[in-house]
Amino acid sequence: MNEYKIAVIPGDGIGKEVVREACKVLDNASTLNNFSLSYEFFNWGSDYYFKNNTMMPIDGLEILSQFDAIFLGAVGDPKIQDHITLNGLLLPIRRKFDQFVCLRPSTLFEGVKSPLNGINPGEIDLVVVRENTEGEYANVGGFQYEDFDDEIAIQSAVFTRKGTERVIRYAFNLAMERNKKLTSITKSNAQGYSMVLWDKVFKEVSKDYPEVKTNSLLIDAACMDFIRKPSEFDVVVASNLFGDILTDIAAMITGGLGLASSGNISENNDNPSMFEPTHGSAPDIEGKNIANPLAQILTGAMMLSYLGENTAADSIRGAVKGVLKTGNSITSDLGGNATTTECTKEVIKKLNE
Ligand code: NAD
Ligand code: IPM
Ligand code: MN
């Protein structure tokens with residue numbers, strides 16, 4: 001029987017609530033499919049920070065390197081500045097393990113109503129491939145004359161040819177597996193170095209994939225078209241920041257952040273990949289047992305696919321789709337009145353049907 005070692009970091013806010021629930025679903029799916037998940041829970045995050053003045057122990061990354069995958073909830077607490085919490089836990093993990101792809105699928109499932117008029121289930125089915133270790137998120141910059149009137153902040157974006165090429169190639173390969181359609185997002189009209197390099201590399205790599213229909217959009221136009229004609233997108237490749245922004249839009253047009261799954265993928269077999277939903281710690285609803293657990297559950301399915309347990313992954317996706325289709329036991333963000341726990345119970349019920 002295959003056994004996988006999973007590092008679980010529930011993190012902050014609703015992260016704790018939805019991870020607890022998603023683990024129940026994963027356990028059930030693993031029993032049904034004859035493999036086992038051996039979890040180790042890490043209480044790293046903002047509460048840990050209040051006690052230890054650090055988001056994770058000094059050897060945290062080394063500890064994580066021993067695992068087959070990382071399953072994370074969310075990070076962020078209103079009492080601490082976000083750049084401290086995120087640069088203390090989430091972003092170092094993405095960088096250290098070279099998780100250069102952030103994979104974010106958005107599908108409008110049956111039973112879910114898009115806020116866009118006239119868009120029906122099945123008519124949005126796209127995946128954003130977000131560059132995940134460099135670009136606008138490179139931790140490069142500094143302050144000068146801090147707290148004086150002439151204060152200066154410099155935040156540099158870093159775009160390497162290697163980093164750009166590998167994420168674009170990943171997107172082309174995904175496009176080959178899907179509908180052979182790929183859109184690249186830049187802002188090369190205003191950003192005349194980084195995005196010009198991106199465009200150039202995109203054009204070069206496209207020569208290796210003559211069957212893939214490509215186009216390039218500026219980020220502002222892409223935001224508009226995600227609303228105006230979302231059905232036209234299939235695979236979309238974007239830089240770190242643009243991908244971040246686009247995936248919140250993609251989530252909203254397909255039912256919201258409560259359904260948006262995400263994986264931070266490393267192609268180095270020695271490195272664990274990390275699976276965490278697109279949403280954050282949602283301090284506005286934490287502790288009420290009303291968060292939608294489905295994004296975390298679908299993220300768990302993504303993790304199982306990555307581990308090679310495709311049957312179990314598909315069965316979880318099927319169960320989630322079943323719950324959405326009937327509309328029984330859905331949470332308030334989707335128009336229902338079920339609690340986080342009730343919604344999970346319904347998924348498990350469907351999984352066992
Ligand atoms: P958020 O995603 O936490 O919440 C945005 C809105 O969506 C809120 O109204 C929230 O209630 C709602 N929402 C999110 N997930 C939901 C779910 N599963 N079910 C129902 N409703 C849900 O974004 P934010 O409010 O901008 O950020 C809150 C904190 O989370 C900040 O500290 C931010 O930095 C952090 N954050 C962390 C991650 C991450 O860990 N990957 C991602 C985004 C934001
Ligand atoms: C996400 C989040 C993070 C990001 C933040 C919290 C650093 O918004 O995963 O989408 O921008 O990557
Ligand atoms: Mn985001």
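Residues numbered from 1 in each chain as written. Chains lettered and ligands numbered in written order. Predicted model: local features only at pLDDT ≥ 70, side-chain atom pairs only at ≥ 80, totals over all residues. Heavy atoms only, no water.

Novice: Got a sec to walk through the overall build of the protein? Specific residues and values, please.
Specialist: When helices and strands are tallied, the protein shows eleven helices and twelve strands. Relative to the globule expectation of 20 Å for 353 residues, the C-alpha radius of gyration of the protein, 20 Å, shows essentially globular dimensions. For the protein, the residues scored as buried account for 53% of the 353 residues in total. Contacts spanning at least 24 positions in sequence make up 75% of the contacts within the protein whose residues lie at least 6 apart. Side chains of the protein carry 33 positive and 47 negative charges; the gap between the two charge centres is 5 Å. (Helix = DSSP H or I, 4+ residues; strand = E, 2+ residues; numbered from the N terminus. Rg over C-alpha atoms; globule rule 2.2 N^0.38 Å. Buried < 20%, exposed > 50% of the residue type's maximum accessible area, 1.4 Å probe, protein only. Contact = heavy atoms within 4.5 Å. Lys, Arg positive; Asp, Glu negative; His and termini not counted. Charge placed at Lys NZ, Arg CZ, Asp CG, Glu CD.)

Novice: Account for a nonpolar patch on the surface, naming residues and giving values.
Specialist: A grouping of Y145, F148, I152 and I154 is seen on the molecular surface, where their side chains present a nonpolar patch of about 440 Å² in accessible area. Position of I154 among the secondary structure elements: in strand β7 (residues 152-158). (Patch = residues over 30% accessible without salt bridge, like charges linked within 9 Å, V, L, I, M, F, W, Y side chains within 5 Å. Areas by Shrake-Rupley, 256 points an atom, 1.4 Å probe, with all protein chains shown as cover. Salt bridge = Lys/Arg side-chain N within 4 Å of Asp/Glu carboxyl O.)

Novice: Hey, could you go over the domain arrangement of the protein for me, with residue numbers and the actual values?
Specialist: For the protein, the domain assignment lists domain 1 (1-99 + 262-353) and domain 2 (125-252). With centres defined by C-alpha atoms, the gap from domain 1 to domain 2 works out at 25 Å. Listed by partner, the interface residues are ten residues for domain 1 and nine residues for domain 2. Roughly 790 Å² is buried in total at the junction of domain 1 and domain 2, and carbon and sulfur atoms are behind 42% of that figure. (Domains from an automatic or database assignment. Buried area = accessible area lost by both parts, 1.4 Å probe.)

Novice: I'd like to hear about the packing of aromatic side chains, residue by residue, with values.
Specialist: Per the counting criterion, the structure on display carries eleven aromatic pairs. Plain terms: the ring middles of Y39 and F41 are 5.8 Å apart, the flat faces sit at 65° to each other, and that makes the pair edge-to-face. On the numbers, 6.5 Å between centres and 85° between planes, the contact of F100 with Y170 is edge-to-face. With F100 in the loop between α4 (82-96) and β4 (101-107) and Y170 in helix α5 (residues 161-177), the pair connects residues that are 70 residues apart, well separated along the chain. Residue F100 is classed as buried on the basis of its relative accessible area of 3%. (Phe/Tyr/Trp six-rings, centres within 6.5 Å; stacked < 30°, edge-to-face > 60°.)

Novice: If you had to explain α4 to someone new, which residues and values would you point to?
Specialist: For α4, with 15 residues, the first-to-last C-alpha span of 20 Å sits near the 21 Å given by 1.5 Å per residue. The largest bend in α4 amounts to roughly 40° and is located at G88, with the proline P92 lying one to four residues further along. Residues of α4 that are buried include every one of T85, L86, L89, L90, L91, P92, I93 and R94, and no others. Just beyond α4, the residue with positive phi is D98, at close to 55°. (Expected span 1.5 Å × (residues − 1). Bend = angle between axes of the 7 residues up to and from the residue.)

Novice: Could you give an account of the site of ligand 1, naming the residues involved and the relevant values?
Specialist: With respect to spatial proximity, 21 residues lie near ligand 1, and among them D82, E276, G280, A282 and D284 are the closest. V75 places a polar main-chain atom, nitrogen or oxygen, 2.9 Å from an oxygen atom of ligand 1. Between an oxygen atom of ligand 1 and a main-chain N or O atom of S281, the distance comes to 3.1 Å. Alone, ligand 1 offers 800 Å² of accessible surface; in the complex the protein occludes 71% of this. If you tally residues by element for the shell around ligand 1, the top one is α4, at three residues. Residue classes in the shell around ligand 1 are distributed as ten nonpolar, seven polar and four charged. (Near = heavy atom within 4 Å. Polar contact = N/O pair within 3.5 Å; in protein donor to acceptor, adjacent residues only side chain to side chain. Nonpolar A, V, L, I, M, F, W, Y, C, P; charged D, E, K, R; others polar.)

Novice: Describe the nonpolar core, and please don't skip the residues or the numbers.
Specialist: Core analysis: the biggest nonpolar cluster contains 81 residues, and V129 and I316 have the highest contact counts within it. Looking at this core, the element that brings in the most residues is helix α9 (residues 294-307), giving eight residues. Counting contributing residues, this core receives three or more from each of domain 1 (1-99 + 262-353) and domain 2 (125-252). Not counting residues within four places of it along the chain, the set of residues in contact with V129 comprises V101, C102, L103, V167, Y170, A171, L174, V235, V236, V237 and A238. Counting residues in each nonpolar core, the second largest holds 22 residues, with F42, M56, L72 and M274 among its members. (Core = buried A, V, L, I, M, F, W, Y, C linked by side-chain atoms within 4.5 Å.)

Novice: Could you give an account of the pattern of salt bridges, with specific residues and numbers?
Specialist: Overall, the coordinates contain 18 salt bridges when judged by the stated rule. The partner of R178 in a salt bridge is D125, and the shortest N-O contact between them spans 3.6 Å. Of the two residues, R178 sits in the loop between α5 and β8 (181-186) while D125 sits in strand β5 (residues 125-131), which places them 53 residues apart along the sequence. Relative accessible area serves as the criterion here: at 35%, D125 is assigned to the partly exposed category. Notably, a salt bridge pairs K349 with E346, separated by 3.9 Å at the nearest N-O pair. Of this pair, K349 and E346 both sit in helix α11 (residues 340-351), three residues apart, which is roughly one turn of the helix. Residue E346 is classed as buried on the basis of its relative accessible area of 10%.

Novice: I'd love a proper account of unusual backbone geometry, names of residues and values included.
Specialist: Even without being a glycine, D147 presents a positive backbone phi close to 70°. Tracing the backbone through its elements, the reader meets D147 in the loop between β6 (135-144) and β7. On the accessibility criterion, D147 (68% relative accessible area) is exposed. With a phi angle near 60°, S329 is a residue other than glycine that sits in the positive phi range. The topology assignment puts S329 in the loop between α10 (310-326) and α11. Since its relative accessible area comes to 25%, S329 is described here as partly exposed.

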